[in-house]
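# Chains, contacts and geometry: an overview
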Amino acid sequence: RLVTLQTESGGQLIEAAGPLRMAFELVAEDGGIRFLPRRTWLVGIPLPRWLSPVATARVAPRGERWQVDAQVRLPTGGLIIRYHGVMVPR
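Residues numbered from 1 in each chain as written. Predicted model: local features only at pLDDT ≥ 70, side-chain atom pairs only at ≥ 80, totals over all residues. Heavy atoms only, no water.

### Section: the pattern of salt bridges
Pairs can form between side chains of opposite charge whenever their charged atoms are close. Enumeration according to the criterion identifies 3 salt bridges in this entry. Between Glu 25 and Arg 38 there is a salt bridge, with its nearest N and O atoms 2.7 Å apart. Taken together, the residues span a long stretch of sequence, with Glu 25 in strand β3 (residues 20-29) and Arg 38 in strand β4 (residues 32-42) at a distance of 13 residues. The partner of Asp 69 in a salt bridge is Arg 82, and the shortest N-O contact between them spans 2.9 Å. Of this pair, Asp 69 sits in strand β7 (residues 65-73) while Arg 82 sits in strand β8 (residues 79-87), placing them 13 residues apart in sequence. By relative accessible area, which is 48% here, Arg 82 ends up partly exposed. (Salt bridge = Lys/Arg side-chain N within 4 Å of Asp/Glu carboxyl O. Helix = DSSP H or I, 4+ residues; strand = E, 2+ residues; numbered from the N terminus. Buried < 20%, exposed > 50% of the residue type's maximum accessible area, 1.4 Å probe, protein only.)

Rendered as structure tokens:
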């Protein structure tokens, strides 16, 4: 189980998991939403793009919930985390 906190700032979605925060631009695509990474912070310190993890995510509606497929990789390509499943709003 992965728990993150999502908020909005400056028209972007900010997702926080532990010491990592990432800002995404959201784009409607094929009946779902694609998350495009824009900024990353580690313990509040902005990371340059070349050092930032590369995140890709897509969500699609499933009734009152969202089907999620997301992964985060190191800039060198190594997988940090991948998750898929159903996102339930609080």
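From this point, the narrative continues.
### Examining the pairing of β7
Where strand β6 (residues 54-62) lies against β7, 9 bridges are found, and the strand directions are antiparallel. By the bridge assignment, Arg 62 is partnered in β7 with Arg 65. Between β6 and β7, which pair antiparallel one after the other, the connecting turn spans 2 residues, and Gly 63 there sits at a positive phi close to 70 degrees. Relative to β8, β7 runs antiparallel, the two being bridged by 8 bridges. Bridge assignment links Val 68 to a residue of β8, and that residue is Gly 85. (Pairing = 2+ DSSP bridges.)

### Observations regarding the nonpolar core
If you look at the biggest cluster of nonpolar residues, it comprises 10 residues: Leu 13, Met 22, Phe 24, Phe 35, Ala 55, Ala 57, Val 59, Val 68, Ala 70 and Val 72. Going through the elements one at a time, β3, β6 and β7 are the ones with two or more residues in this core. Aside from chain neighbours lying at most four places away, what touches Met 22 is Leu 13, Ile 14, Glu 15, Arg 39, Thr 40, Trp 41, Pro 53 and Ala 55. (Core = buried A, V, L, I, M, F, W, Y, C linked by side-chain atoms within 4.5 Å. Contact = heavy atoms within 4.5 Å.)

### Side note on the environment of Pro 48
Checked against the element boundaries, Pro 48 lands in the loop between β5 (45-46) and β6. In this structure Pro 48 comes out as partly exposed when scored by relative accessible area, which is 34%. Each C-alpha atom, one on Pro 48 and one on Ile 81, is 20 Å from the other, the two residues being 33 residues apart in sequence.

### Re the pairing of β4
Pairing geometry for β3 and β4, over 10 bridges, is antiparallel. Counted as the bridge partner of Arg 21 is Trp 41 from β4. Hairpin remark: β3 followed by β4, antiparallel, with 2 residues in the connecting loop; positive phi at Asp 30, about 50 degrees. The pairing of β4 with β5 spans 2 bridges and is classified as antiparallel. Residue pairing in the sheet places Leu 42 in a bridge with Ile 45 of β5. Taking the residues between adjacent antiparallel strands as the criterion, β4 and β5 are bridged by 2 residues, where Val 43 takes a positive phi near 45 degrees.

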